[in-house]
Amino acid sequence: MRAAGPGVGERPGWTRLLGAALVGTVRRTGASAGVLYLLDEAAQTLGLAVLCGLPEEVASPWRRIPLAAAAPISEAVREDRLVWVGSQEDMARRYPRVAASMPYRFALAAVPLPGRARCWGGLVLLWPAAHPTRAGRRERGHITAEARGLAHALDECPDPPRAPGQPHRVSVTEHHAYTGRAPQAAADYAERLPEGALALDLEGRITFVNGAAAALLGRTSDRLLGTRPWQSLPWLDQPAVEDHYRTAVISREPVGFTAPDPAGRRLWFRLYPDASGISVRITPAPGSDAGPDGAADGRPGSSRADLPVSAASRTAHTGRLYQLLHLAAALTETVAVSDVVELVAGQVLPAFGADSLVLSEAEAGRLKITGWHGYDRRTIEQLDGLPLGTGLTPAGHVLSTGLPSFFATVAEMAEEYPQAPLMSGKRAWAFLPLLISGRPVGCCVLSYDRPHAFTADERAVLTSLAGLIAQALDRARLYDAVHGLALGLQETLLPRSLPAVPGLAMAARYLPASRGMDIGGDFYDVIRLDATTVAAVIGDVQGHNVAAAALMGQVRTAIRATAGAPPDRVLDRTNRVLIDLGGDLLVSALYARIDLAHGRATLASAGHPPPFLDLPGQPGLVVGLDPAPLLGIDTGTPYPVTELALPPGSTLALYTDGLVEVPGTDADRTAADLAEHLARHRDEDVEHLIDRLIRRAWPTGRHTDDTAVLLLRRTGTGGFSRSRFGNNK
């Protein structure tokens, strides 16, 4: 009987403070595990900072999460609310990618960490499978209060903490307060049992083994302690065994299974988990021919103890399998080439311990670099544009043969490619061909800042992953081509600049949806009617396709043709034109006639969101407009007119619904908040103010719908400002 020594101590500084705070939160909420993420505002990612109650390997695919990702913690931080997932079925329905890499039964809460001046990140708490699937109001309030406490602790840190390269792990359990001879008595008790007794920590390593267990497993205790059973015992080196362990540690439910030893005898393993680890009982399964003492063949420490230790991967098979599923699901969600590069850099590199990345594609007989991470620009310039058959690096050989190449050390690389190590200063490399239907389309290079021995498991997974990256990159290249075409079409249909109008400062933005072909029907226009009068219009055509964009161009033309008329007549005539065209698409529009000489604005709306108005010395407000139907429904529809006073310094904000219809929020509340935000920052120039308004509504920049915004400020000074289309800062 032997026991392993204590684990690694805690790090000093803020990690120890947050670790203690997280442990306290886990205990007070009754959770089984907790994960604390810190927000990198510049990169718009969440980084895993502190972890307790879970194996690091389980959390590895989630070390860095884009704020825009479809994951509970991203959604909680992005939408500033608690997200509750009560069951495995709930997870699969709402977050299929998470469910693919965590196919276990548990309940989960994700909540943001709102500090005094910023959001620090988010907190994830897990409960055992036995937890109720619904969280009551009291429990939700308790979780939110704990998150505020953690945020307060972060507020008190002298320097803003960042997520470390490796997450800080803490134990959620307290050691039993045994005194005197109690520990030895407990060990003696386990040694006297006729069945095998084994203890695993949360990482799956053996921390205790009694004599009966050593005999049943066919290894001496010193060969077992500190190892994972599926690594030190060849006959347990199978994905199902590790999956049973992961099921127990995550769901915190007892798990039982049988496995045959090399002699064909079946052993029964029963796993009993808690927050400190797993207790394992091992007995011969009914019908086995084990001896009366439970030892195979009645001989403790039989010759099987001399078998070599399994050459299993440092990261076991099941972990790699779920990791591959997770990465495959993530790659299916990438849209542009930049998304592919960002995902590989943010998730593939950490998953395989790599430090740097180069993605290149075959184009016109050369390797054109499409993205990189961890290299300086000078090195990239040297590598960009190399011939496909280059002998300077292994890339040419990889592309010509379609086979990956792995170099564990500088010496291995220098033996075949002497110049390659000198170019980058890296110490190990994986060159992976990107193949589509057997045709090479590019090369993916993962590199390391230190020597790295690639196991057979790693090579197999990386090779499979390269195929998925190739498919994602091929789709992304097509998307980028279509995106460029769509954006070019959009630019031709919207005004390239705003007119110069003394006494009126203007700024406009058009933001395409972050998914799809980016051809939308949102539009805006400013028309100078005379020296002191302008017309401003904003509208939204149903749909996100070429038909919507074409109709948008026709509506703009119709409005310009009648722009000098009163606002209600402009909308009425445009409505008649739209009905005469015979299409089935409807249009919302807001038309404003601004008289700068008298400081008045006259507005009429056709089913369009009301504008924001900021008057000097007053709170911002959402203008109340009389409702009217959309354009294209029926002729003879009246369009009520609203008049507003516009003293010098007033700002009128016109926008389409994409600005305020944010998932998980109420559009009216968002509009009211933006109107107040407009007033709070009235001292800023319109160019900065319009961008601030958009960031307030969509802090991640991932717009789910087309958005057009037009700001008009009466300066009363005779000056003016112009803004080009689409200049989103």
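Residues numbered from 1 in each chain as written. Predicted model: local features only at pLDDT ≥ 70, side-chain atom pairs only at ≥ 80, totals over all residues. Heavy atoms only, no water.

### Thoughts on the overall build of the protein chain
Argument step 1. Within the protein chain, the secondary structure is distributed over 22 helices and 30 strands.
Argument step 2. A burial count over the protein chain gives 53% of its 729 residues as buried.
Argument step 3. Partitioning the contacts of the protein chain with sequence separation of at least 6, the portion at a separation of at least 24 is 65%.
Argument step 4. Total accessible area on the protein chain stands at roughly 31000 Å², and carbon and sulfur atoms take up 54% of it. (Helix = DSSP H or I, 4+ residues; strand = E, 2+ residues; numbered from the N terminus. Buried < 20%, exposed > 50% of the residue type's maximum accessible area, 1.4 Å probe, protein only. Contact = heavy atoms within 4.5 Å. Areas by Shrake-Rupley, 256 points an atom, 1.4 Å probe, with all protein chains shown as cover.)

### Structural notes on the side chain of S32
Argument step 1. Relative to the helices and strands, S32 is located in the loop between helix 1 (14-29) and strand 2 (33-40).
Argument step 2. The contacts of S32, once residues within four sequence positions are left out, are V26, G53, L126, W127, P128 and R252.

### Some points on empty space enclosed by the protein
Where empty space is left in the structure can be found by rolling a water-sized probe over the atoms.
Argument step 1. Counted by the stated rule, this structure contains six cavities of 30 Å³ or more.
Argument step 2. Looking at the largest cavity, its volume works out to about 260 Å³.
Argument step 3. Y37, W62, V98, L108 and V124 are, among the 17 residues lining the largest cavity, the residues nearest its centre.
Argument step 4. Secondary structure elements with two or more residues in the lining of the largest cavity: strand 2, helix 2 (56-59), helix 3 (72-79) and strand 7 (119-127). (1 Å grid on protein atoms, 1.4 Å probe; cavity = no way out; pocket = protein on both sides within 12 Å on 5 of 7 lines; lining within 4 Å. Points joined across faces, edges and corners; volume = space filled by probe spheres on them.)

### With respect to the environment of A190
Argument step 1. Structurally, A190 is set in helix 7 (residues 182-192).
Argument step 2. Owing to a relative accessible area of 10%, A190 belongs among the buried residues under this scheme.
Argument step 3. Between the C-alpha atom of A190 and that of F208, which follows or precedes it by 18 residues, the distance is 10.0 Å.
Argument step 4. If near-sequence neighbours (up to four positions away) are discounted, A190 is found in contact with F208 and N210.

### Description of helix 22 (residues 686-697)
Argument step 1. Along its twelve residues, helix 22 runs 17 Å from first to last C-alpha, staying within 8% of the 16 Å computed at 1.5 Å per residue.
Argument step 2. Inspection of helix 22 places V686, E687, L689, I690, D691, L693, I694 and A697 among the buried residues, and these make up the whole buried set.
Argument step 3. Among the residues of helix 22, the N-terminal cap falls to D685, whose side-chain oxygen and the backbone nitrogen of E687 are separated by 3.0 Å. (Expected span 1.5 Å × (residues − 1). Polar contact = N/O pair within 3.5 Å; in protein donor to acceptor, adjacent residues only side chain to side chain.)

### Quick notes on the pattern of salt bridges
Where side chains of opposite charge bring their charged atoms close, a pairing between them can arise.
Argument step 1. Under the definition given, this model contains 24 salt bridges.
Argument step 2. As a salt-bridge pair, D90 and R94 come within 3.2 Å of each other at their nearest N and O atoms. Placement of both D90 and R94 in helix 4 (residues 88-94) is noted, with a separation of four residues, approximately one turn of the helix.
Argument step 3. D355 is the salt-bridge partner of R450, the closest N and O atoms lying 2.9 Å from each other. Of the two residues, R450 sits in the loop between strand 19 (439-448) and helix 18 (456-493) while D355 sits in the loop between helix 13 (337-351) and strand 14 (356-363), which places them 95 residues apart along the sequence.
Argument step 4. A residue is classified by how much of its surface remains accessible, and R450, at 39% relative accessible area, is partly exposed.
Argument step 5. Residues joined in a network through salt bridges with shared partners are E75, E79 and R81. (Salt bridge = Lys/Arg side-chain N within 4 Å of Asp/Glu carboxyl O.)

### A look at the side chain of T707
Argument step 1. With respect to the helices and strands, the residue T707 is situated in strand 29 (residues 707-714).
Argument step 2. According to the relative accessible area criterion, T707 is buried, its value standing at 1%.
Argument step 3. There is a polar contact of 3.4 Å between the side chain of T707 and the backbone oxygen of G658.
Argument step 4. Other than its neighbours up to four places away in sequence, T707 contacts R509, Y510, L511, D522, T656, G658 and L659.

### Here we look at the nonpolar core
Argument step 1. Core analysis: the biggest nonpolar cluster contains 60 residues, and Y37, F269, L271 and I282 have the highest contact counts within it.
Argument step 2. Looking at this core, the element that brings in the most residues is helix 11 (residues 239-251), giving five residues.
Argument step 3. When sequence neighbours within four positions are dropped, the list of residues in contact with I282 reads E195, G196, L198, A213, L216, L217, L267, W268 and F269.
Argument step 4. Residues M506, A565, A592 and L646 belong to the second largest nonpolar core, which totals 53 residues. (Core = buried A, V, L, I, M, F, W, Y, C linked by side-chain atoms within 4.5 Å.)

### Topic: the packing of aromatic side chains
Argument step 1. The tally for this structure, following the rule as stated, stands at eight aromatic pairs.
Argument step 2. Consider the rings of F407 and Y417, whose centres lie 6.3 Å apart with planes at 85°: the pair is edge-to-face. Separated by ten residues along the polypeptide, F407 in strand 17 (residues 405-407) and Y417 in the loop between helix 16 (410-416) and helix 17 (420-424) bring together distant segments of the chain.
Argument step 3. One aromatic cluster is present, built from ring pairs that chain together F406, Y448 and F454.
Argument step 4. The ring of W268 carries R270 above its face, with NZ or CZ at 4.0 Å from the centroid.
Argument step 5. The side chain of K426 reaches across the aromatic face of Y375, ending 5.1 Å from its centre. (Phe/Tyr/Trp six-rings, centres within 6.5 Å; stacked < 30°, edge-to-face > 60°. Lys NZ or Arg CZ within 6 Å of the ring centre and 35° of its normal.)

### Focus: the packing of helix 21 (residues 667-680) against helix 22
Argument step 1. Interhelical geometry of helix 21 versus helix 22 gives an angle of 145° and a closest axis separation of 10 Å. Every pair of crossing elements has a handedness; the one defined by helix 21 and helix 22 is right-handed. Across the interface between the two elements, D673, L674, H677, L678 and R680 of helix 21 pack against L689, R692, L693, R696 and A697 of helix 22.
Argument step 2. Residue composition of the contact of helix 21 with helix 22, grouped by class: five nonpolar, one polar and four charged. (Axes fitted to C-alpha atoms, helices over the stretch in contact; angles between N-to-C directions. Left-handed = near helix turned anticlockwise from the far one by under 90°. Nonpolar A, V, L, I, M, F, W, Y, C, P; charged D, E, K, R; others polar.)

### So, the sheet that holds strand 22 (residues 533-541)
Argument step 1. A sheet is described by the order of its strands in space; here five strands give the open sequence 21-22-23-24-27, paired in antiparallel fashion. The sheet terminates laterally at strand 21 (522-530) and strand 27 (641-645), the two strands that pair on one side only. Across this sheet, the average inter-strand angle for adjacent strands is 15°, counted without regard to direction.
Argument step 2. Sheet analysis places strand 23 (residues 587-595) next to strand 24 (residues 600-606), joined by seven bridges and oriented antiparallel. Looking at the pairing, Y591 lines up with A604 of strand 24.
Argument step 3. Packed onto the sheet, helix 20 (residues 567-581) meets strand 23, strand 24 and strand 27 and runs at close to 25° relative to strand 24. (Pairing = 2+ DSSP bridges.)

### Some words on the pairing of strand 7
Argument step 1. With eight of its nine residues buried, strand 7 lies for the most part within the structure.
Argument step 2. Across six bridges, strand 2 lies against strand 7 in antiparallel orientation. Bridged to A33 within strand 7 is L126.
Argument step 3. In this structure, strand 6 (residues 107-114) lies alongside strand 7, joined through eight bridges in antiparallel fashion. Pairing of A109 across the sheet is with L125, part of strand 7.
Argument step 4. Connecting the antiparallel pair strand 6 and strand 7 is a turn made up of four residues.

### Examining helix 21
Argument step 1. Look at helix 21: 20 Å from first C-alpha to last across 14 residues, which is about the 20 Å you get at 1.5 Å a residue.
Argument step 2. Those residues of helix 21 lying buried are T670, A671, L674, A675, H677, L678 and A679.
Argument step 3. Those residues of helix 21 that are buried are in contact with strand 25 (612-614), strand 26 (621-622), strand 28 (651-655), helix 22 and strand 29.
Argument step 4. Of the residues that open helix 21, the one with a side-chain oxygen 3.2 Å from the backbone nitrogen of D668 is D666.

### Structural notes on the pairing of strand 2
Argument step 1. With respect to burial, strand 2 is a largely interior element, seven of its eight residues being buried.
Argument step 2. As paired strands, strand 2 and strand 3 (residues 45-52) are joined by seven bridges and run antiparallel to one another. Across the sheet, residue V35 finds its bridge partner in strand 3, namely L51.
Argument step 3. Where strand 2 hands over to strand 3, the hairpin turn is made up of four residues, of which Q44 adopts a positive phi near 55°.

### Looking at the sheet that holds strand 18 (residues 428-436)
Argument step 1. The sheet built from six strands is open, its strands ordered 16-15-14-19-18-17 with antiparallel pairing. The two strands at the open ends of the sheet, each matched to only one other strand, are strand 16 (386-387) and strand 17.
Argument step 2. Across six bridges, strand 14 lies against strand 19 in antiparallel orientation. Looking at the pairing, L357 lines up with L446 of strand 19.
Argument step 3. Those strands touched by helix 13 are strand 14, strand 15 (366-373) and strand 19, and its axis lies near 145° from that of strand 14.

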